[in-house]
Amino acid sequence: MAGKDKTVFFCKECGYESSKWQGQCPGCREWNTLVEEPVSRQGGQTRRPAASGRAGKAEPQLLKEVVRSSEERVRTEIGELDRVLGGGIVAGSLVLVGGDPGIGKSTLLLQMCGGLSQRDYSVLYISGEESLQQIRLRADRLDNACDRLWLLSETSLDAVEEAIERQKPQIVVIDSIQTMYREDISASPGSVSQVRETTGSLMRIAKGQGITIFIVGHVTKEGVVAGPRVLEHMVDTVLYFEGDNAVSYRLLRAVKNRFGSTNEIGVFEMRQNGLAEILNPSEYMLQGRPEGEPGSVVAAMSEGSRTLLVEVQALVCQTSFNMPRRTAAGTDYNRVNLLLAVLEKRLGIQLSFCDAYINVAGGMRINEPALDLAVVLAALSSYKNRAVPDNTVVFGEVGLTGEVRAVTLAEQRAAEAEKLGYSQCILPWANVESIRKNKKGGEGIRLTGVRNVRELFGLLEG
C-alpha cells in the first residue's frame, strides 16, 4: 500500500536503519540503541534525506592544486565565546550548543545575537520553546540591547526554511533542535528520524547559502546531547555548557571544532543581568581560600592555551569503621584511591586506618594527571597536620612506583603562578631542567623540583 507509514528501527548512536529490532547495532556494535519509529513512505519507498553537494561528476584533484579558502571570522565581542570557537564565527558553519536545562545556553546565544545585531549583522533568532513575549522579557534583563534582532516562534522546519529564504539572515539560532519537525515525517518532534532529518536540512542551508546556524540541543541525564549520535558528526562544532547550580560560574567547552582547537574553554559567571565573562579565572577560583590551614594546596592546571589555578583540599582522619571511607569531589575517585595506595606502599604511611576526603574547591572537575602531586601533598599535609606555605603552587604526575613524572606546558603554569604573586612552585624535576634549559617562564619564581614522593614528603617535613 503506497503512501502508508511503516515502522523501522533506528540506532540512536550511528543512525543505522533496520527493519527489525536487534540487541546489538550492526553498524556501531553498541547494545540496546535501536528504537522503533514510524517513517513516511513515498511511492512505496522509505523516505531518505536528499543528497547534498553539487550536481554532476566529481573529479579527483591533487592536494597541491586545491585552492586554500580564507576563513573570514566574525567576532561576537564575547571574548570567551570567540576563544572557544577558535577566534570567531565562520560563515556557513553549523554549531551545536548543548547543556543542562537552565545552564544558560539561550541566554548566551541571545547576548551574542543582540551584540551582532547592533553591529548591523542580520540575525534571526528562532525559538520553538518560548513565545516572542518570553524572549522579550529575557532580552530586557540583558545589558546589551536587542532592538534590531529578528525573532520567530516556530516549530515547523518548512516555515523556518521559508523565513530564512525570505529574510536572508547572516546568522540563525535554532532553539532547540528537539522541538523542530518536518511535516512529511510522521514521527514526533525530538525523535531520532526528526532530529536527523531536520539537522540535515539545516546543514544544507548553512553550506548552500553561507549562513551560520547555531542549534541548541537538549541533553540526557548522562550529559550528552539527546537524539542520534550522528547529530554530533553532522555539525562542524559541538559546544557544551557546563556548570553546577551550587556555583555561579559556567564553563563553555568545545568537544569538536573543525575550525579551531578542542582544548579551549570559556569561563562565565551567571548574574542577574545575564552571563559575564571571567577574564581571570584563577583569581576567581581561589577566592575565599583559607590561609595557613593543613590540607589546602594550590594546583596549576592546563585547559588548552589557558592555565587555571585551583585549590585542592584534603581531609585525612582516623576512622571508627572497619573499612575506611574514600570520597573524591571534582576528580577521579579511582585515581585518588591509587595515589593513596602509592603513599602507603612507598612512604609506609598507614592510611588504611584513616578516612580520606579529597575535594577540588569551587565545583571544578579536573581529570588532568598534573593534579596528582597536589592531591598527594594535600593528603600528606592533612595527615601530618602541617600546612603548606600559602605562596606555593604544585603540579606533576605521580606514577605507581612513586616517581614524579613531567607534564606539558610547565613554563606556562609557572608563569601563571608568578603572575598571581606566588613565589614557590613544586614541580617534577624533569620540568625544572627543561625550563632552565629553554629559559622560558619561571624567572621570578623559585622552582623546587622533586623526583619522587619521598622528596615531596621531605619538603613537608623540613
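Refer to the structure above for everything that follows.
Here is a short report on the structure shown in this document.

The rules behind these values
- Residues numbered from 1 in each chain as written.
- Predicted model: local features only at pLDDT ≥ 70, side-chain atom pairs only at ≥ 80, totals over all residues.
- Heavy atoms only, no water.
- Core = buried A, V, L, I, M, F, W, Y, C linked by side-chain atoms within 4.5 Å.
- Buried < 20%, exposed > 50% of the residue type's maximum accessible area, 1.4 Å probe, protein only.
- Helix = DSSP H or I, 4+ residues; strand = E, 2+ residues; numbered from the N terminus.
- Contact = heavy atoms within 4.5 Å.
- Polar contact = N/O pair within 3.5 Å; in protein donor to acceptor, adjacent residues only side chain to side chain.
- Phe/Tyr/Trp six-rings, centres within 6.5 Å; stacked < 30°, edge-to-face > 60°.
- Lys NZ or Arg CZ within 6 Å of the ring centre and 35° of its normal.
- Pairing = 2+ DSSP bridges.
- Axes fitted to C-alpha atoms, helices over the stretch in contact; angles between N-to-C directions.
- Parallel < 35°, antiparallel > 145°, perpendicular 65-115°, else oblique.
- Left-handed = near helix turned anticlockwise from the far one by under 90°.
- Nonpolar A, V, L, I, M, F, W, Y, C, P; charged D, E, K, R; others polar.
- Salt bridge = Lys/Arg side-chain N within 4 Å of Asp/Glu carboxyl O.

Side note on the nonpolar core
Thought 1: Counting residues in hydrophobic clusters, the biggest one holds 66 residues, and the most contacted among them are Val-312, Met-364, Leu-371, Leu-373, Val-376, Tyr-422 and Leu-447.
Thought 2: Sorting elements by how many residues they give to this core places helix α9 (residues 372–384) first, with eight residues.
Thought 3: Setting aside residues no more than four positions away along its own chain, Val-376 makes contact with Leu-339, Leu-343, Val-398, Val-453 and Leu-456.
Thought 4: Leu-110, Cys-146, Leu-149 and Phe-214 belong to the second-largest nonpolar core, a separate cluster that totals 32 residues.

Focus: the side chain of Ser-282
Thought 1: Considering the arrangement of structural elements, one finds Ser-282 in helix α7 (residues 281–285).
Thought 2: With a relative accessible area of 1%, Ser-282 lands in the buried category.
Thought 3: Among the polar contacts listed, one links the side chain of Ser-282 to the backbone nitrogen of Leu-309, at a separation of 2.9 Å.
Thought 4: Those residues within four positions of Ser-282 in sequence are excluded, and the remaining contacts are Thr-307, Leu-308, Leu-309, Glu-416 and Leu-420.

Quick word on the packing of aromatic side chains
Thought 1: Under the definition given, this model contains two aromatic pairs.
Thought 2: Between Phe-241 and Phe-268, the aromatic rings sit 6.0 Å apart at their centres with planes inclined by 75 degrees, giving edge-to-face as the arrangement. One end of the pair, Phe-241, is in strand β13 (residues 237–243); the other, Phe-268, is in strand β15 (residues 265–271), with 27 residues separating them in the sequence. Accessibility classification places Phe-241 together with Phe-268 in one group, the buried group.
Thought 3: Between Tyr-249 and Tyr-284, the aromatic rings sit 6.3 Å apart at their centres with planes inclined by 85 degrees, giving edge-to-face as the arrangement. A residue pair is termed long-range when its members are at least 10 positions apart, and Tyr-249 in strand β14 (residues 249–257) and Tyr-284 in helix α7 qualify at 35 residues.
Thought 4: It is Arg-413 that lies over the ring of Phe-395; its NZ or CZ is 5.5 Å from the centre.
Thought 5: The residue whose ring lies beneath Arg-451 is Trp-429, and the NZ or CZ to ring-centre distance is 4.5 Å.

What about the sheet that holds strand β25 (residues 446–450)?
Thought 1: Overall, mixed pairing links the seven strands, which are arranged β19-β20-β18-β17-β21-β24-β25 in an open sheet. Each of the sheet's edge strands pairs with one partner strand only, and the pair in question is β19 (326–329) and β25. Pairwise comparison of adjacent strand axes, ignoring direction, gives a mean angle of 25 degrees for this sheet.
Thought 2: In terms of strand pairing, strand β17 (residues 296–303) meets strand β21 (residues 392–394) through two bridges, oriented parallel. Within β21, the position partnered with Val-298 by the bridge is Val-393.
Thought 3: Strand contacts of helix α8 (residues 333–347): β19 and β20 (354–360), with the helix running at about 130 degrees to β19, the strand carrying the most contacts.
Thought 4: Packing against the sheet, helix α12 (residues 453–461) makes contact with β24 (424–428) and β25, and its axis sits at approximately 130 degrees to β25.

Focus on the sheet that holds strand β12 (residues 212–217)
Thought 1: Across the sheet, nine strands lie side by side as β10-β9-β11-β12-β8-β13-β14-β15-β16; this open sheet has mixed pairing. On the outer flanks of this sheet lie β10 (150–153) and β16 (274–277), each paired with one strand and no other. For this sheet the average axis-to-axis angle between neighbouring strands, irrespective of direction, equals 25 degrees.
Thought 2: Alignment of β15 against β16, held across four bridges, turns out to be antiparallel. Directly across from Arg-271, in β16, lies its bridge partner Gly-274.
Thought 3: Lying on the sheet, helix α3 (residues 132–141) is in contact with β9 (123–127) and β10; it crosses β10 at an angle near 140 degrees.
Thought 4: Strands in contact with helix α5 (residues 192–209) are β8 (94–99), β11 (171–175) and β12; relative to β12, the strand with the most contacts, it is inclined by about 160 degrees.

A word on the packing of α8 against α9
Thought 1: Relative to each other, α8 and α9 sit at 60 degrees, their axes nearing to 10 Å. Of the possible angle classes, the one that applies to α8 and α9 is oblique. Judged by the twist between their axes, the crossing of α8 over α9 is right-handed. Contact with α8, carried on its side by Arg-335, Leu-339, Leu-340, Leu-343 and Leu-347, involves Asp-372, Val-375, Val-376, Ala-379 and Leu-380 of α9 and no other residues of that element.
Thought 2: Class assignment for the residues of the contact of α8 with α9 results in eight nonpolar, no polar and two charged.

Comments concerning the pattern of salt bridges
Thought 1: This model, assessed by the stated rule, comprises 22 salt bridges.
Thought 2: Among the salt bridges present, the one from Asp-236 reaches Lys-207, with a minimum N-O distance of 2.5 Å. Pair noted here: Asp-236 is in the loop between α6 (230–234) and β13 and Lys-207 is in helix α5, with a separation of 29 residues, a long-range link.
Thought 3: Here Glu-269 and Arg-271 are joined by a salt bridge, their closest N and O atoms 3.2 Å apart.
Thought 4: The class for Glu-269 is buried, based on a relative accessible area of 17%.
Thought 5: Of the residues examined, Arg-271 reaches a relative accessible area of 45% and is grouped as partly exposed.

What to know about the environment of Glu-65
Thought 1: Counting through the fold element by element, Glu-65 comes out in the loop between β5 (45–46) and β6 (73–74).
Thought 2: Note on Glu-65: relative accessible area 47%, which makes it partly exposed.
Thought 3: In this structure, the C-alpha to C-alpha distance between Glu-65 and Gly-210, residues 145 residues apart in sequence, is 23 Å.

Re the pairing of β20
Thought 1: Burial analysis of β20 places five of its seven residues in the buried class, which makes it a mostly covered element.
Thought 2: Relative to β20, strand β18 (residues 306–318) is paired through seven bridges, and the arrangement is antiparallel. When the bridges of β20 are listed, Leu-315 appears paired with Tyr-357.
Thought 3: Looking at chain direction, β19 and β20 are connected through four bridges and run parallel. By the bridge assignment, Arg-326 is partnered in β20 with Ala-356.

Remarks on the side chain of Thr-76
Thought 1: Summarising the element assignment, Thr-76 is placed in the loop between β6 and α1 (79–85).
Thought 2: Among the residues examined, Thr-76 registers a relative accessible area of 2% and is labelled buried.
Thought 3: Among all residues touching Thr-76, those that are not within four sequence positions of it are Leu-81, Asp-82, Ile-89, Met-112, Leu-116 and Arg-119.

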